[in-house]
Amino acid sequence: MGLLIASQLALRAARCSWSPFSTSKSWISSRTSPLGDKNILLMGPPGAGKTTVGRTVAHRLGLPVIDVDDDVLETTWKMPVAAKLASVGGARFLEEEGQALCNFSASGCVVSLTGSNPLHAEAMQHVRQTGLVIYLDVDSEDIIRRLTRMKVNRIVGQEAGVSMRDILHYRKQFYEKWLDVRVLCGTGDTVEEVAEKVLKAVERYQKHAAETYVSTRCDSTGTSKQNTYFSDVVVEGLATDGGLYVPKNGFPKIDAREWLRLADMSYPERALVILEKCIHPLDVSALDLRTMVLKAYGSNFSSEAVAPVKHLNHNQYVQELFHGPTASFKDLALQLMPQLFAYCLPSMCNYLILVATSGDTGSAVLSGFSRLSGTDRHRTGVLVFFPEEGVSEIQKLQMMSHREGNARAVSVLSDFDFCQRAIKRMFGESGLTGHLAVEYGTVLSTANSINWARLLPQVVYHSSAYLDLCRDGVIKFGEPIDVCIPTGNFGNAMSAVYAKQMGIPIRKVICASNHNRIITDFITTGKYDLRGRPLMLSHSPAIDILKSSNLERFIYHISDGDSRLVKDLFTRLDRQEHFQVPEPLLGRIQQEVLAGWCSEDDCLAAIHSVHTQAGYIMDTHTAVAKVVADRLQDGSCPVVLCSTAHYGKFAPAVFKALQIQNVPEDPVEQLKKLGSTASRPEMHRDMMKCLKEGGRKQHTVCQAEYSVLVEEVENMIQDSFLKVI
Ligand SMILES: *Cc1c(COP(=O)(O)O)cnc(C)c1O
């Protein structure tokens, strides 16, 4: 154990040396005026309000204001900007404008850039060094209305025949490239309101320490501990006191007008704006976050909408969370999480993530990490152990499609518990961890469901479901919805609670269990009791869970951050296998969440009846949610059922439910047959591809011996990491 701790200390030390305060923006320190001698640079399209907002902000801060048009360009050129444009033409104008800005040297001012400045890379690199670039992100339709009112019908660089809409669209990529901080302007926001948002954005940028994290079990009021930042939380996973990390000051609230802006955006755009609000730009810069989000959600989901919402019947909607590469909702988190993880890792070691799985996590983790590229890929690997007999045929094929590269799966002739215990033992063996650290510069790590970087991306799809319903006119913003979620580790449900904290009007989060109903019992009685409760097999294995790990975050949330209570309850659970929450707390829990459970027969019957009535095939987990929603939801508002897996992933149970005889042996044929009976949803592109390729290959199976698994770890480290050092 000693060496493991030593390596963790080394990590902490390494992190200190690249803390945000040693980056190029190190000037953000404790000056009296907000940014010291640095500028506040306002960027945005023509008509965004850069000049007027700039004046207001400058006035409020008592700072000088510089308008690049009037104060830089016209004084340099000694002629009006319009005259210059008319005399030299668009391209030449942009170049001369950029050159003028390259000589800009003011400090401690509020600077309104021109709409076209961001098109000149050299100029932007220069001014960016002088301060904080704030992007006034105004909806293009609003811009067009404003410009029409101002009788502007052409802007710089707009060639004849190109519409204003197209040129605004073209320009957006440059604004997205240079921003340090986005100020999202709602339709109808006044100059005062936008100025207020700018001031808040500057304040947020400075107060990095306000966005730190605490353990659910740690009393943060007393000791003056070192701050824990986003990157610490992502790398560490679990807090050292055994608790889970949560944001110290809760979630940021997004106002209604900003949500309405998001309603018109694509899924990746929504994800970017929401995550920018939750991750401080000094932890992950806006540009880097954008790169990661586009890589995660830009093109590798089989539905362009990423997480589309479909009408099922009456007031019931299904959000399909299974369009990712491995066909379960875990992709929504795990296409992004590995990138955040690799980004946050200290640069001097390699990382090997060890995962034991009996279900969807393995393939989703493998898919996510295998998509890393460049240096990230060379120093971040994942090795998944799964029981040869303990996963479904399709899950096995999905995992076995990863046999080389930085993400690999190994099958073990034993059960899940054996794999899990072997990994725990490796972490605990200082001889081994020390050897790996010294010989290969490699640190072992995990990527389990309690990691903050797995929970956070899930807030986006709950928000997105609501925004889709607004966009499609089903509800008006502000009207409530319920969500119903097949619940295991409570990660999905918890992220719905967080979406509500950010301002999404979710009335009730309805948790659905199968006959392993510990969550339902807890929410209805306040007692969490593991005693005499064996895990039973079910048709919905992904929610066969007894210790629901993210529940700890929920109890922390519902008790207003009572870490002493959380510590007390969960220590008791470890020691005595049960706890009971105080009566008033149970009342508050039931205000937020409802819970119900569904029998095995009811699950299959629901798949059958929905198929008969709507031609729609649900997977077994979705069916559990459907049954519980039918029973508990009162019909007074829409309810969104989280469809957490594609039906093809649990094909044998679905065949049984649909009472189809003569089920083909081959998984590919099984999928085709099911697909042919559904009117929607369609076949799953990536799942089919993986099955077709995987079925023809052999795979090796490890003996159930600890030393064999250790050997696999070392082999993988040798040929993934040694090559590149
Ligand atoms: C993991 C999983 C769940 C459970 O999600 P939690 O966040 O653990 O509650 C539900 N359905 C499917 C298909 C899953 O893979």
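Only a predicted model underlies this, so the values are computations on that prediction, with no experimental measurement involved.

1. Structural notes on the overall build of the chain
Scanning the chain from N- to C-terminus turns up 32 helices and 20 strands. For a compact globule of 725 residues, the expected C-alpha radius of gyration is about 27 Å, and the chain comes in at 27 Å, within 12% of that figure. Considering only C-alpha atoms, the chain reaches an extent of 85 × 60 × 55 Å along its principal axes. Counting over 725 residues, the chain shows a buried share of 58%. Looking at the chain alone, contacts between residues at least 24 apart form 77% of all its contacts between residues at least 6 apart. Looking at the chain as shown, the accessible area adds up to about 29,300 Å², and 51% of this sits on carbon and sulfur atoms. Taking the 77 positively charged and 80 negatively charged side chains of the chain as two groups, their mean positions are separated by 2 Å.

2. Here's the deal with helix H27 (residues 600-614)
In a regular helix each residue adds 1.5 Å, so 15 residues correspond to 21 Å; H27 covers 21 Å between its end C-alpha atoms and thus fits that length. Among all positions in H27, only Glu 600, Cys 603, Leu 604, Ala 606, Ile 607, Val 610 and His 611 are buried. In a view along the axis of H27, the buried residues occupy a sector of 155°, so they form one face of it. Along H27, exposed side chains directed more than 90 degrees from the buried face belong to Asp 601, Thr 612 and Gln 613. For H27, the secondary structure elements touched by its buried residues are strand E8 (309-313), helix H28 (620-632), helix H29 (651-658) and helix H30 (667-677). Within two residues after H27, Gly 615 carries a phi angle of roughly 70°, on the positive side.

3. Observations concerning the site of the ligand
In the vicinity of the ligand lie 15 residues, with Lys 330, Asp 360, Gly 488, Asn 489 and Thr 644 positioned nearest. One of the side-chain nitrogen or oxygen atoms of Lys 330 is found 2.6 Å away from an oxygen atom of the ligand. Thr 644 has a polar side-chain atom sitting 2.8 Å from a nitrogen atom of the ligand. In isolation the ligand has 390 Å² of accessible area, and contact with the protein removes 96% of it. When its residues are assigned to classes, the shell around the ligand shows six nonpolar, seven polar and two charged.

4. Re the packing of helix H18 (residues 393-400) against helix H31 (residues 685-694)
Closest axis-to-axis distance for the H18/H31 pair is 9 Å, and the angle between their directions is 80°. With respect to each other, H18 and H31 are oriented roughly perpendicular. Across the interface between the two elements, Ile 394, Leu 397 and Gln 398 from H18 touch Met 687, Cys 690, Leu 691 and Gly 694 from H31. Classifying every residue of the contact of H18 with H31 gives five nonpolar, two polar and no charged.

5. Observations concerning the environment of Val 306
Within the secondary structure, Val 306 is located in the loop between helix H13 (286-297) and E8. As for Val 306 and Ser 464, which are separated by 158 residues in sequence, their C-alpha atoms are 9.8 Å apart.

6. Examining helix H2 (residues 50-61)
The terminal C-alpha atoms of H2, which comprises 12 residues, lie 16 Å apart, in line with the 16 Å expected from a rise of 1.5 Å per residue. Burial in H2 covers these residues: Lys 50, Val 53, Gly 54, Thr 56, Val 57 and Ala 58. Residues of H2 that are buried in the fold lie against strand E1 (39-43), strand E2 (65-67), strand E3 (110-112), strand E4 (131-137) and helix H9 (191-206). Where H2 terminates, the next one or two residues include Gly 62, which has phi positive at roughly 70°.

7. Digging into the sheet that holds strand E9 (residues 316-320)
Taken together, six strands build an open sheet; the order of strands is E8-E9-E19-E14-E15-E18 and the sheet is mixed. Every interior strand has two partners, whereas the edge strands, E8 and strand E18 (593-597), have only one. With direction set aside, neighbouring strand axes in the sheet form an average angle of 25°.

8. Considering the sheet that holds strand E5 (residues 181-184)
Taken together, the five strands give an open sheet; going across it, the order is E2-E3-E1-E4-E5, and neighbouring strands pair in parallel fashion. Strand pairing shows two members of the sheet lacking a second neighbour, E2 and E5, which therefore form its edges. Strand-to-strand twist across the sheet, computed as the mean angle between neighbouring axes with direction ignored, equals 25°. Strand direction decides the pairing type here: E2 and E3, joined by three bridges, are parallel. When the sheet's bridge partners are listed, Asp 67 is paired in E3 with Ser 112. Lying over the sheet, H2 contacts E1, E2, E3 and E4, oriented at roughly 175° with respect to E3.

9. A short note on the packing of aromatic side chains
Tallying each qualifying case throughout the model produces 19 aromatic pairs. Ring centres 6.4 Å apart and planes at 85° place the aromatic pair Phe 341 and Tyr 351 in the edge-to-face group. Of the two residues, Phe 341 sits in helix H15 (residues 337-344) while Tyr 351 sits in strand E10 (residues 350-356), which places them 10 residues apart along the sequence. Summarising the burial analysis for this pair, Phe 341 and Tyr 351 share the class buried.

10. Some thoughts on the domain arrangement of the chain
Domain boundaries assigned for the chain yield domain 1 (2-206), domain 2 (301-323 + 459-550 + 576-694) and domain 3 (345-449 + 703-721). For domain 1 and domain 3, the distance between their C-alpha centroids amounts to 44 Å.

11. Considerations on the pattern of salt bridges
Applying the stated rule across the entire model yields 44 salt bridges. The shortest N-O distance in the salt bridge between Arg 531 and Asp 529 comes to 2.9 Å. The class for Asp 529 is partly exposed, based on a relative accessible area of 22%. Of the charged contacts, one joins Arg 631 and Asp 602 as a salt bridge, the two residues approaching to 3.3 Å between their closest N and O atoms. Of this pair, Arg 631 sits in helix H28 while Asp 602 sits in helix H27, and the two are 29 residues apart along the sequence. It is possible to trace a salt-bridge network through shared partners that takes in Asp 137, Lys 172, Glu 176, Arg 182, Arg 261, Glu 276 and Arg 290.

12. A word on the pairing of strand E15 (residues 506-513)
Burial of E15 is extensive: seven of the eight residues sit out of reach of the surface. Of the strand pairs in this sheet, strand E14 (residues 481-486) and E15 are connected by five bridges, and their pairing is parallel. Looking at the pairing, Ile 485 lines up with Cys 511 of E15. At this point the chain moves from E14, through helix H22 (residues 491-501), to the parallel E15, and the crossover so formed is right-handed. Relative to E18, E15 is paired through five bridges, and the arrangement is parallel.

13. What to know about the pairing of E10
In terms of residue burial, E10 counts as a mostly covered element, since seven of its seven residues are buried. Burial of the side chains of E10 extends over both faces: Asn 350, Leu 352, Leu 354 and Ala 356 are buried on one face and Tyr 351, Ile 353 and Val 355 on the other. Here E10 pairs with strand E13 (residues 442-445) via four bridges, running parallel. What sits directly across from Asn 350, in E13, is Thr 442.

The rules behind the values
Residues numbered from 1 in each chain as written. Predicted model: local features only at pLDDT ≥ 70, side-chain atom pairs only at ≥ 80, totals over all residues. Heavy atoms only, no water. Helix = DSSP H or I, 4+ residues; strand = E, 2+ residues; numbered from the N terminus. Rg over C-alpha atoms; globule rule 2.2 N^0.38 Å. Buried < 20%, exposed > 50% of the residue type's maximum accessible area, 1.4 Å probe, protein only. Contact = heavy atoms within 4.5 Å. Areas by Shrake-Rupley, 256 points an atom, 1.4 Å probe, with all protein chains shown as cover. Lys, Arg positive; Asp, Glu negative; His and termini not counted. Charge placed at Lys NZ, Arg CZ, Asp CG, Glu CD. Expected span 1.5 Å × (residues − 1). Arc of directions from axis to C-beta. Near = heavy atom within 4 Å. Polar contact = N/O pair within 3.5 Å; in protein donor to acceptor, adjacent residues only side chain to side chain. Nonpolar A, V, L, I, M, F, W, Y, C, P; charged D, E, K, R; others polar. Axes fitted to C-alpha atoms, helices over the stretch in contact; angles between N-to-C directions. Parallel < 35°, antiparallel > 145°, perpendicular 65-115°, else oblique. Pairing = 2+ DSSP bridges. Phe/Tyr/Trp six-rings, centres within 6.5 Å; stacked < 30°, edge-to-face > 60°. Domains from an automatic or database assignment. Salt bridge = Lys/Arg side-chain N within 4 Å of Asp/Glu carboxyl O. Right-handed = clockwise from strand over helix to strand, strands pointing away.

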